[in-house]
Amino acid sequence: MNDREKAGKAWADSLPGKFLLGSILPALLLFIWWLAVRSGTAVVPTFMEVLDVLAHPFQVPPDLYSRSLAFSVMMTMLRLAIGFGLGVLTAVPLGLLAAGSRVADRILYPLIQVARPINPIVLLPIATVAFGLSSIASVVVGGEDAWRHDVWDQVQLAMIFILWWGAFFPVFLGTISGARSVRTAYIETMRLLGASRMMVLRKVVIPNALPSIASGMRIGLGVTWLVLIAAEIFPGTRSGIGYMLCTACKTSDYQYTFAAMLVIGIVGLMSDILLLRFERSAGHWQSRER
Amino acid sequence: MSVQPGTGSRVKGRTVAAAPFLSIFNIRKDFLTRDNQTVRAIDDVSFDAEAGKITCIVGPTGSGKSTLLRLIAGLDDPDAGKVSLHEALPAGSIGYMTQEHSLFPWLRVKANIGLPIDVKGESPEERDRTVRKIAGALGITDALDRYPYELSGGMQRRTALGRLMASGSGCWLMDEPFSALDDRTVHQLQRLLLKLVSENGKTVVFVTHSIDEAVFLGDRIIVLSAGPCRVADIFDNGLAHPRDRLSPEFGRLIETVRCRLETVIEEKA
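What you are looking at is a predicted structure, and each value in this text was computed from that prediction instead of being measured.

The rules we used
- Residues numbered from 1 in each chain as written.
- Chains lettered and ligands numbered in written order.
- Predicted model: local features only at pLDDT ≥ 70, side-chain atom pairs only at ≥ 80, totals over all residues.
- Heavy atoms only, no water.
- Helix = DSSP H or I, 4+ residues; strand = E, 2+ residues; numbered from the N terminus.
- Buried < 20%, exposed > 50% of the residue type's maximum accessible area, 1.4 Å probe, protein only.
- Contact = heavy atoms within 4.5 Å.
- Areas by Shrake-Rupley, 256 points an atom, 1.4 Å probe, with all protein chains shown as cover.
- Lys, Arg positive; Asp, Glu negative; His and termini not counted.
- Charge placed at Lys NZ, Arg CZ, Asp CG, Glu CD.
- 1 Å grid on protein atoms, 1.4 Å probe; cavity = no way out; pocket = protein on both sides within 12 Å on 5 of 7 lines; lining within 4 Å.
- Points joined across faces, edges and corners; volume = space filled by probe spheres on them.
- Nonpolar A, V, L, I, M, F, W, Y, C, P; charged D, E, K, R; others polar.
- Buried area = accessible area lost by both parts, 1.4 Å probe.
- Salt bridge = Lys/Arg side-chain N within 4 Å of Asp/Glu carboxyl O.
- Polar contact = N/O pair within 3.5 Å; in protein donor to acceptor, adjacent residues only side chain to side chain.
- Axes fitted to C-alpha atoms, helices over the stretch in contact; angles between N-to-C directions.
- Parallel < 35°, antiparallel > 145°, perpendicular 65-115°, else oblique.
- Left-handed = near helix turned anticlockwise from the far one by under 90°.
- Phe/Tyr/Trp six-rings, centres within 6.5 Å; stacked < 30°, edge-to-face > 60°.
- Lys NZ or Arg CZ within 6 Å of the ring centre and 35° of its normal.
- Core = buried A, V, L, I, M, F, W, Y, C linked by side-chain atoms within 4.5 Å.

Asks: When you look at the overall build of chain A in this model, what are you seeing that I'm missing?
Replies: In terms of regular secondary structure, chain A is built from 14 helices and zero strands. Judged by the C-alpha coordinates and their principal axes, chain A covers about 75 × 75 × 30 Å. Counting all 290 residues of chain A, 41% fall into the buried class. In chain A, the share of contacts with a sequence separation of at least 24, taken over all contacts with a separation of at least 6, comes to 71%. Of the roughly 16300 Å² of accessible surface on chain A, a fraction of 69% belongs to carbon and sulfur atoms. Of the charged side chains in chain A, 24 are positive and 17 negative; the average position of the first set lies 13 Å away from that of the second.

Given below as structure tokens:
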């Protein structure tokens with residue numbers, strides 16, 4: 001590498017360099033946006049109109065069925081947390097079981113390998129038929145009174161099911177591969193110390209599997225995020241970012257559609273960064289191990 | 001090839017030791033190769049490890065030294081013969097240290113040392129106190145909060161020694177624990193090991209490929225032959241500690257063991 005290349009690399013790594021280089025494509029995008037607005041199409045709102053929506057998150061759109069941006073974001077996050085959380089909570093123990101027991105692996109493997117490639121969105125129609133309008137509220141307090149618990153009534157079981165589906169497989173497979181990659185020497189160390197199987201699991205298998213559980217979670221979260229927005233656009237929902245985006249499109253309030261798209265991108269990015277951090281801290285020892 | 005009295009004596013076959021800590025009787029171990037052929041790795045090996053003494057095992061590469069140590073540790077079962085301890089010991093009372101991968105990379109040094117105490121289920125306060133004491137004796141107090149990958153090779157071995165001490169085990173099985181280090185560090189660790197063993201009265205079975213190491217550390221040196229592994233010779237090393245590497249007695253014993261090892265290798269060829 002000559003001096004000029006070195007200087008270029010150093011500048012690209014500096015703060016102003018990162019900022020300027022990172023802004024090129026967004027600036028280009030804004031320019032195209034500006035061109036589109038100037039062309040006079042009704043579909044593209046101005047930048048200020050979208051900013052206005054984002055600046056007033058509690059403002060309810062003119063359309064009767066919509067809720068405020070803040071409420072929509074909250075509903076989406078609630079569904080995500082429940083669906084994704086259930087996925088992780090089931091996938092990790094089952095993955096550890098499959099990695100630790102040949103019998104469990106033989107039982108789980110065939111079904112899981114067939115089920116894994118099925119796109120969760122494909123399951124939404126059948127899940128909607130199977131679960132009907134059942135929600136967390138209707139399961140907990142019964143269908144009659146479910147409407148009194150508006151928020152929980154809008155966390156539909158059908159949606160939880162497909163989110164669980166989207167999160168389960170990446171986390172399950174990550175857990176299995178992480179748990180199987182344990183060095184025999186570590187397990188033997190524990191055996192010689194007289195450790196029980198539970199102790200080996202807690203002290204060796206889980207810490208060893210954690211980095212790949214975290215990468216599985218990152219993939220799983222990416223999948224559930226895509227699936228969730230698509231599912232909210234489906235008929236039968238009454239809230240959420242996807243729902244807002246879709247209804248605003250129908251009523252030609254495109255500034256809400258654009259604002260929703262931006263929020264989806266930003267929330268998706270932030271959650272990915274959060275899990276990336278978890279992944280890095282869980283696996284700090286991996287890259288530097290001899 | 002006789003050795004002068006007082007500097008080391010040569011004993012044929014198994015000796016009846018005054019106070020053996022563990023005895024190995026006629027151990028045999030076979031392995032299956034990929035194409036289903038039986039290969040004898042260890043054939044009829046017997047020896048004693050005396051209590052409070054260091055027994056060094058040397059042999060050509062691939063002679064099954066590590067396999068032998070695994071059998072003693074109980075990590076593998078022999079196909080014939082037996083390993084017997086002369087005291088009934090509870091689980092976790094045999095310490096085992098290998099060349100690498102004995103530390104858990106996701107645990108800090110203090111947690112690595114404290115692992116045996118955690119497994120026993122003692123209180124965290126008790127554990128921290130013991131870990132501090134051990135770290136002080138090993139000179140790694142400053143490294144307690146670091147991760148193994150942040151340490152030099154020598155510090156990593158010290159940490160592994162710390163774990164052995166924390167296990168409270170009376171018997172340490174060590175499989176080339178100081179290999180792949182520079183000479184100066186190796187010599188430091190050897191002196192440290194001698195100090196720990198004599199202060200705490202440990203029984204050590206020490207596998208090494210270095211004759212110098214065996215003569216410096218061992219009270220008894222067992223020379224193995226290769227393919228299958230048999231006891232070729234046993235040397236008792238009576239040199240007084242601290243042993244002087246430059247003394248003629250030290251050099252003579254090294255030469256004696258080296259000659260024996262050479263004949264073992266030639267016999268096989």
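Asks: Before we go on, may I ask you to explain the layout of surface pockets in this structure?
Replies: It is a probe the size of a water molecule, rolled over the atoms, that shows where empty space is left. Each pocket or cavity is described by its volume, and for the largest pocket that value is around 530 Å³. Lining of the largest pocket is provided by 19 residues; of these, Ala 99, Gly 100, Ile 187, Arg 197 and Val 205 of chain A occupy positions nearest its centre. Residues that form the lining of the largest pocket fall into these classes: eleven nonpolar, three polar and five charged. Computed from the structure, the second largest pocket encloses a volume of approximately 370 Å³. Lining the second largest pocket are 23 residues, with Tyr 96, Met 97, Thr 98, Glu 100 and Ser 102 of chain B positioned closest to its centre. Taken together, the elements giving at least two residues each to the lining of the second largest pocket come down to α10 (184-192) of chain A together with α1 (65-73), β6 (94-97) and α4 (153-166) of chain B.

Asks: Help me out: how do you make sense of unusual backbone geometry in this one?
Replies: For residues that are not glycine, phi is negative in most cases, and the peptide bond is trans in most cases. Residue and element names in this part refer to chain B. For the bond from His 241 to Pro 242, the omega torsion is -5°, close enough to zero to count as cis. Tracing the chain through its elements places Pro 242 in the loop between β10 (230-236) and α7 (248-268). One non-glycine residue, Glu 176, adopts positive backbone phi at about 45°. Considering the arrangement of structural elements, one finds Glu 176 in the loop between β7 (171-175) and α5 (183-200).

Asks: Explain the interface of chain B and chain A here, please?
Replies: The interface of chain B with chain A comprises 25 residues on the first partner and 21 residues on the second. Counting each side, the surface lost to burial between chain B and chain A is near 2200 Å², with a carbon and sulfur contribution of 66%. Broken down residue by residue, the surface that chain B buries against chain A is led by His 101, Trp 106 and Tyr 149 of chain B, which jointly contribute 34%. There are two salt bridges connecting chain B and chain A. Across the pair Lys 203 of chain A and Asp 118 of chain B runs a salt bridge, and its minimum N-O distance is 3.3 Å. At the boundary of chain B and chain A, one finds four residue pairs in polar contact (both at pLDDT 80 or more). For the side of chain B that touches chain A, the element with the most residues is helix α2 (residues 109-120) of chain B, which contributes four residues.

Asks: Got a minute to help me understand the packing of helix α9 (residues 157-180) of chain A against helix α11 (residues 197-233) of chain A in this structure?
Replies: Packed helices, taken two at a time, are described by the angle between their axes plus the distance between the axes. Residue and element names in this part refer to chain A. Running from N to C, α9 and α11 cross one another at 155°; their axes reach a closest spacing of 7 Å. Here α11 runs roughly antiparallel to α9, going by the angle between their axes. In the packing of α9 onto α11, the handedness of the crossing is right-handed. Taken together, the residues of the contact of α9 with α11 break down into 16 nonpolar, ten polar and one charged.

Asks: How should the packing of aromatic side chains be read in this particular structure?
Replies: Aromatic rings in a pair are described by how distant their centres are and how their planes are angled relative to each other. According to the stated counting rule, one finds 18 aromatic pairs over all chains in the structure shown. Here the aromatic rings of Tyr 186 of chain A and Trp 106 of chain B are separated by 5.5 Å at their centres, their planes lie at 90°, and the arrangement is edge-to-face. On the criterion of chain membership, the pair formed by Tyr 186 of chain A in helix α10 and Trp 106 of chain B in the loop between β6 and α2 is interchain, its members lying in two chains. Residue Trp 106 of chain B is classed as buried on the basis of its relative accessible area, which comes to 10%. Among the aromatic residues, ring-to-ring pairing joins Phe 131, Phe 161, Trp 164, Trp 165, Phe 168, Phe 169 and Phe 172 of chain A into one connected group. The positively charged end of Arg 163 of chain B is found above the aromatic ring belonging to Phe 104 of chain B, 4.8 Å away from the centroid.

Asks: Got a minute to help me understand empty space enclosed by the protein in this structure?
Replies: Residues and elements named next belong to chain A. Scanning all chains against the criterion turns up one cavity of 30 Å³ or more. Its volume calculated, the largest cavity comes out at about 130 Å³. Forming the walls of the largest cavity are Leu 124, Thr 128, Gly 132, Leu 133, Gln 156, Ala 158, Met 159, Ala 231, Phe 234, Pro 235, Gly 236 and Thr 237. For the lining of the largest cavity, the secondary-structure elements that each account for two or more residues are α6 (120-131) and α9. A breakdown of the residues in the lining of the largest cavity according to their chemical character gives seven nonpolar, five polar and no charged.

Asks: Please clarify how the nonpolar core should be interpreted in this entry.
Replies: Generally speaking, a soluble globular protein has its nonpolar side chains buried in company with each other. Membership of the largest hydrophobic core comes to 67 residues, with the highest contact counts inside it found for Phe 172, Met 190 and Val 204 of chain A together with Phe 104 of chain B. Among the nonpolar cores identified, the runner-up in size contains 50 residues, and Met 97, Val 131, Met 165 and Met 174 of chain B belong to it.

So yeah, pure geometry; function would need other evidence.
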